[in-house]
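# An overview of the molecular structure
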Amino acid sequence: MVIANISDFRKDIKSYFDRVAKNFETLIINRGKDSGIVIMSLEEYNSLMATNYELSSRTNEKRLDAAIEKLRNNGSFSKDLIEE
């Protein structure tokens, strides 16, 4: 996570954006008392939204928890692919 004030951000926008995009860092621009802006890469944003969707219903959450528990207990299985 990178934190910058608005003045520093204005002076070097490109390098801040490059850091966010290349290193998957989150940038917080401090705008004063309890106020700020968060900048993240589109890839990270899409991942966050996908996770949010997957956890949006209790049914999905239970299904994911069950899958994680199965993997932890070596309960996974493999299947051979059908060759055409």
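Structure first, text after, so check above.
Reference entry: report on the structure contained in this document. (Residues numbered from 1 in each chain as written. Predicted model: local features only at pLDDT ≥ 70, side-chain atom pairs only at ≥ 80, totals over all residues. Heavy atoms only, no water.)

Turning next to the packing of aromatic side chains. For any pair of aromatic rings, the description rests on two quantities: the centre-to-centre distance and the angle between the ring planes. Scanning all chains against the criterion turns up two aromatic pairs. On the numbers, 5.7 Å between centres and 65° between planes, the contact of F9 with F17 is edge-to-face. Cluster of aromatic residues (ring-pair linked, three or more members): F9, Y16 and F17. (Phe/Tyr/Trp six-rings, centres within 6.5 Å; stacked < 30°, edge-to-face > 60°.)

As a further point, take the pattern of salt bridges. Applying the stated criterion across every chain, the model contains three salt bridges. We note a salt bridge from R19 to E25, for which the minimum N-O separation is 3.5 Å. (Salt bridge = Lys/Arg side-chain N within 4 Å of Asp/Glu carboxyl O.)

All right, on to helix α4 (residues 58–72) then. For α4, which comprises 15 residues, the first-to-last C-alpha distance of 21 Å matches the rise-based estimate of 21 Å (1.5 Å per residue) to within 8%. Positive backbone phi, approximately 55°, marks N74, located one or two places after α4. (Helix = DSSP H or I, 4+ residues; strand = E, 2+ residues; numbered from the N terminus. Expected span 1.5 Å × (residues − 1).)

Attention shifts here to the sheet that holds strand β1 (residues 2–5). Taken in spatial order, the three strands of this open sheet run β1-β2-β3, and their pairing is mixed. Edge strands, defined here as strands with exactly one partner in the open sheet, are β1 and β3 (36–39). Across the sheet, the mean angle from the axis of one strand to that of its neighbour is 20°, orientation sign disregarded. Sheet contacts for helix α2 (residues 13–23): β1, β2 (27–30) and β3; angle to β1, the most-contacted strand, approximately 160°. (Pairing = 2+ DSSP bridges. Axes fitted to C-alpha atoms, helices over the stretch in contact; angles between N-to-C directions. Contact = heavy atoms within 4.5 Å.)

By size, the foremost hydrophobic cluster in this structure holds eight residues: V2, A4, F9, Y16, V20, L27, I29 and I39. Counting only elements with at least two residues in this core, the list comes to β1, α2 and β2. With residues near it in sequence (within four places) discarded, F9 still touches Y16, F17, L27, I29 and I39. (Core = buried A, V, L, I, M, F, W, Y, C linked by side-chain atoms within 4.5 Å. Buried < 20%, exposed > 50% of the residue type's maximum accessible area, 1.4 Å probe, protein only.)

Let us now look at the pairing of β2. Residues L27 and I29 line the buried face of β2, whereas the alternating positions I28 and N30 sit on a face that is not buried. As judged from the four bridges shared by β1 and β2, these two strands associate in the parallel manner. Pairing of V2 across the sheet is with L27, part of β2. Note: β2 against β3, four bridges, orientation antiparallel.

We now examine a nonpolar patch on the surface. Taken together, the side chains of L42, Y45, L48 and M49 make up a nonpolar region of the molecular surface, amounting to roughly 390 Å² of accessible area. Within the fold, L48 resides in helix α3 (residues 42–54). Overall, L48 belongs to the partly exposed group, its relative accessible area being 45%. (Patch = residues over 30% accessible without salt bridge, like charges linked within 9 Å, V, L, I, M, F, W, Y side chains within 5 Å. Areas by Shrake-Rupley, 256 points an atom, 1.4 Å probe, with all protein chains shown as cover.)

That's the geometry; what it means functionally is another story.
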